[in-house]
Amino acid sequence: MSIHLAGSWLDAYLLEKPAAAWDFQPVWAWDRYRVDGRLFAAACLPDAKYGGYGGKRLLTLKCDPGRAALLRAEFPAVLPGFYCDKRCWISVDLDGGVPDDVLRDLCDDSYRLVTAKLSQARRRALGIPIL
């Protein structure tokens, strides 16, 4: 089931990234945020059959594995990535009390990690800053 971020501050924040695009994946009921076809964020509401993920409004983001472990230790609402490689993706329970500034930082990091895999020429063509 989708959580429909449309119109929220989080939706606007994700879409203000250079070349970011939203789409809906109907089979999984995921709101996806992608850059050049590559996922950097996904929002969903898994049902109860998914155990500890069930019933949580989740935002899934790419994350450095070391940082992911630290975040899970600090915030109970940060979980291993739902339906993703749990080493380098996290899922944040949006109702779990993670501060907005931390969530913004995690979104920024996810976008950076994904766009870093693009060539410099492709980043330039998409208007993505080259660091």
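Conventions adopted
- Residues numbered from 1 in each chain as written.
- Predicted model: local features only at pLDDT ≥ 70, side-chain atom pairs only at ≥ 80, totals over all residues.
- Heavy atoms only, no water.
- Helix = DSSP H or I, 4+ residues; strand = E, 2+ residues; numbered from the N terminus.
- Expected span 1.5 Å × (residues − 1).
- Buried < 20%, exposed > 50% of the residue type's maximum accessible area, 1.4 Å probe, protein only.
- Pairing = 2+ DSSP bridges.
- Axes fitted to C-alpha atoms, helices over the stretch in contact; angles between N-to-C directions.
- Phe/Tyr/Trp six-rings, centres within 6.5 Å; stacked < 30°, edge-to-face > 60°.
- Core = buried A, V, L, I, M, F, W, Y, C linked by side-chain atoms within 4.5 Å.
- Contact = heavy atoms within 4.5 Å.
- Salt bridge = Lys/Arg side-chain N within 4 Å of Asp/Glu carboxyl O.

J.: Whenever I open this one, the environment of Gly 66 confuses me. Can you help?
T.: Relative to the assigned elements, Gly 66 resides in helix α2 (residues 65-74). Between the alpha carbons of Gly 66 and Cys 88 there is a distance of 8.8 Å; along the sequence they are 22 residues apart.

J.: I'm lost on helix α3 (residues 100-115) in this one. Help?
T.: Spacing of three or four residues puts side chains on the same side of an α-helix, whose turn is 3.6 residues. The end-to-end C-alpha distance of α3 is 22 Å, a good match for the 22 Å that 16 residues give at a rise of 1.5 Å each. Restricting attention to buried positions, one finds in α3 the residues Val 102, Leu 103, Leu 106, Cys 107, Asp 108, Asp 109, Ser 110, Tyr 111, Val 114 and Thr 115.

J.: How should I be thinking about the sheet that holds strand β3 (residues 38-44) in this particular structure?
T.: Strands pair in a sheet through their backbones, by hydrogen bonds, and they do so in one of two ways: parallel or antiparallel. If you walk across this open sheet you meet the six strands as β1-β2-β3-β4-β6-β5, and the pairing is antiparallel. The open sheet has two edge strands, β1 (20-25) and β5 (78-80), and neither has a second partner. When strand polarity is set aside, the average angle formed by the axes of neighbouring strands in this sheet is 25°. One ladder, built from five bridges, connects strand β4 (residues 58-62) with strand β6 (residues 89-93); its direction is antiparallel.

J.: Sorry, what's going on with the packing of aromatic side chains here?
T.: Two numbers describe a pair of aromatic rings. These are the distance of the centres and the angle of the planes. The full count for this structure, using the stated rule, is eight aromatic pairs. With a centroid separation of 6.4 Å and 55° between ring planes, the pair formed by Trp 28 and Tyr 83 is classed as tilted. One end of the pair, Trp 28, is in the loop between β1 and β2 (30-35); the other, Tyr 83, is in the loop between β5 and β6, and 55 residues separate them in sequence. The partly exposed category is assigned to Trp 28, whose relative accessible area is 42%.

J.: Please explain the nonpolar core as it appears in this structure.
T.: As a rule of thumb, soluble globular proteins bury nonpolar side chains together. In this structure, Leu 5, Leu 10, Leu 14, Phe 40, Leu 59 and Ile 90 are the most contacted members of the largest nonpolar core, which totals 30 residues. Listing elements by their share of this core, those giving two or more residues are α1 (9-15), β2, β3, β4, α2, β6 and α3. Here this core takes six residues from α3, the largest share from any one element. With residues near it in sequence (within four places) discarded, Leu 14 still touches Leu 5, Ala 20, Tyr 33, Phe 40, Ala 41, Leu 59 and Cys 107. In terms of nonpolar packing, the next biggest core, distinct from the first, is built from seven residues, Trp 30, Ala 42, Tyr 53 and Leu 79 among them.

J.: Just to check I follow, could you spell out the pairing of β3 for this structure?
T.: Side chains on a regular strand alternate between the two faces of the sheet. Where burial is concerned, most of β3 is hidden: five out of the seven residues are buried. Linking two consecutive strands that pair antiparallel, namely β2 and β3, is a turn of two residues; a positive phi of about 55° is found at Asp 36 within it. Sheet analysis places β3 next to β4, joined by four bridges and oriented antiparallel. Bridge pairing links Cys 44 to Leu 58 in β4.

J.: Please explain the side chain of Arg 32 as it appears in this structure.
T.: Among the structural elements, Arg 32 can be located in strand β2. With a relative accessible area of 16%, Arg 32 lands in the buried category. In contact with Arg 32, other than residues within four places in its own chain, are Ala 21, Trp 22, Asp 23, Gln 25, Leu 39, Ala 41 and Ala 42.

J.: Please explain the pattern of salt bridges as it appears in this structure.
T.: Summed over all chains, the structure comprises nine salt bridges. In this structure, Arg 32 engages Asp 23 in a salt bridge whose closest nitrogen and oxygen atoms are separated by 2.9 Å. For Asp 23, a relative accessible area of 22% translates into the label partly exposed. Here Arg 122 ties to Asp 36 by a salt bridge, and the two come within 2.7 Å at their closest N and O atoms.

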